[in-house]
Amino acid sequence: VSAPNGLGSASRGFVAALRSADVPVDVYDVSWLIARHMPLDLVAASDLAYSINFFFLNPDQVLPFVERFGTEIFDHRANAGSWVWELSSPRPEWRAAVSAFDLIVTPSEFCTASFASFTNRPVVTCPYVVDETLLKAELQRFTGNRWITQIEQEKSAGRRVVLFIMDASSYVARKGIDVFLGMAARFETERPRQCLFVLKTHSRDHSKNTYQVHGNS
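Residues numbered from 1 in each chain as written. Predicted model: local features only at pLDDT ≥ 70, side-chain atom pairs only at ≥ 80, totals over all residues. Heavy atoms only, no water.

### Quick notes on the side chain of E154
Step number 1: Structurally, E154 can be placed in helix α6 (residues 146-156).
Step number 2: A polar side-chain atom of E154 sits 3.0 Å from a polar atom in the side chain of R159.
Step number 3: Beyond its immediate sequence surroundings of up to four residues, E154 is in contact with R159, R193 and L196. (Helix = DSSP H or I, 4+ residues; strand = E, 2+ residues; numbered from the N terminus. Polar contact = N/O pair within 3.5 Å; in protein donor to acceptor, adjacent residues only side chain to side chain. Contact = heavy atoms within 4.5 Å.)

### Considering the nonpolar core
Step number 1: Membership of the largest hydrophobic core comes to 22 residues, with the highest contact counts inside it found for F55, F65, I73, W83 and F115.
Step number 2: If one sorts the elements of this core by residue count, helix α2 (residues 62-69) sits on top with 3 residues.
Step number 3: Among residues more than four places away in sequence, those in contact with F55 are F65, I73, F74, N79, A80, G81, S82 and F101. (Core = buried A, V, L, I, M, F, W, Y, C linked by side-chain atoms within 4.5 Å. Buried < 20%, exposed > 50% of the residue type's maximum accessible area, 1.4 Å probe, protein only.)

### As for the sheet that holds strand β3 (residues 103-106)
Step number 1: Pairing in this open sheet of 4 strands is parallel, and the strands run β1-β2-β3-β4 from one edge to the other. One side of each edge strand has no neighbouring strand; the edge strands of this open sheet are β1 (52-55) and β4 (123-125). In this sheet, neighbouring strand axes are inclined to one another by 25° on average, regardless of whether the strands run parallel or antiparallel.
Step number 2: In terms of strand pairing, β1 meets strand β2 (residues 78-82) through 4 bridges, oriented parallel. Within β2, the residue paired with F54 across the bridge is A80. (Pairing = 2+ DSSP bridges. Axes fitted to C-alpha atoms, helices over the stretch in contact; angles between N-to-C directions.)

Right, dumping it as structure tokens:
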């Protein structure tokens, strides 16, 4: 819940939405599973007051959760998981994690189709709750970014901006980086300076496999 990432923000939004609808919610923070400096609440099955569990964990964090808290937390309760994935089908090793859940909730139709492709568990789409006040406050604090300024200038000059965003594990072909680089090189050869290709990462991973894109591509 306290994690400063997408799932953390999603969980806080869902908690706020449920409470605003007078739905009682108990919250247990297990952000430690993502980063060791984050909180880890101790919880046992006997502590759970309600018959529904709603997990905001990535599929690869489910087994570490079970190793630390056991399987009794899942027993005799309806278990829902909030998951996202950027490819058309999930990783096959996640099938074991899926079996623990009665419902999978995703924020988009694409993610819903992805998870529905490898499980017979119900998968539904429910967009994330967006905090308008928080977003406006962040906008007021924004002081400018030289990269955004450059992109805006290029766009004003008539160039089309093509943005590719990748996460911490996106240095490999399965995330499409090779396709993006190939497309950028082809377009720049065929239609010089008509497009600006922007590659954005959001990671503290300093893998030596990181692609560096220079110039127009």
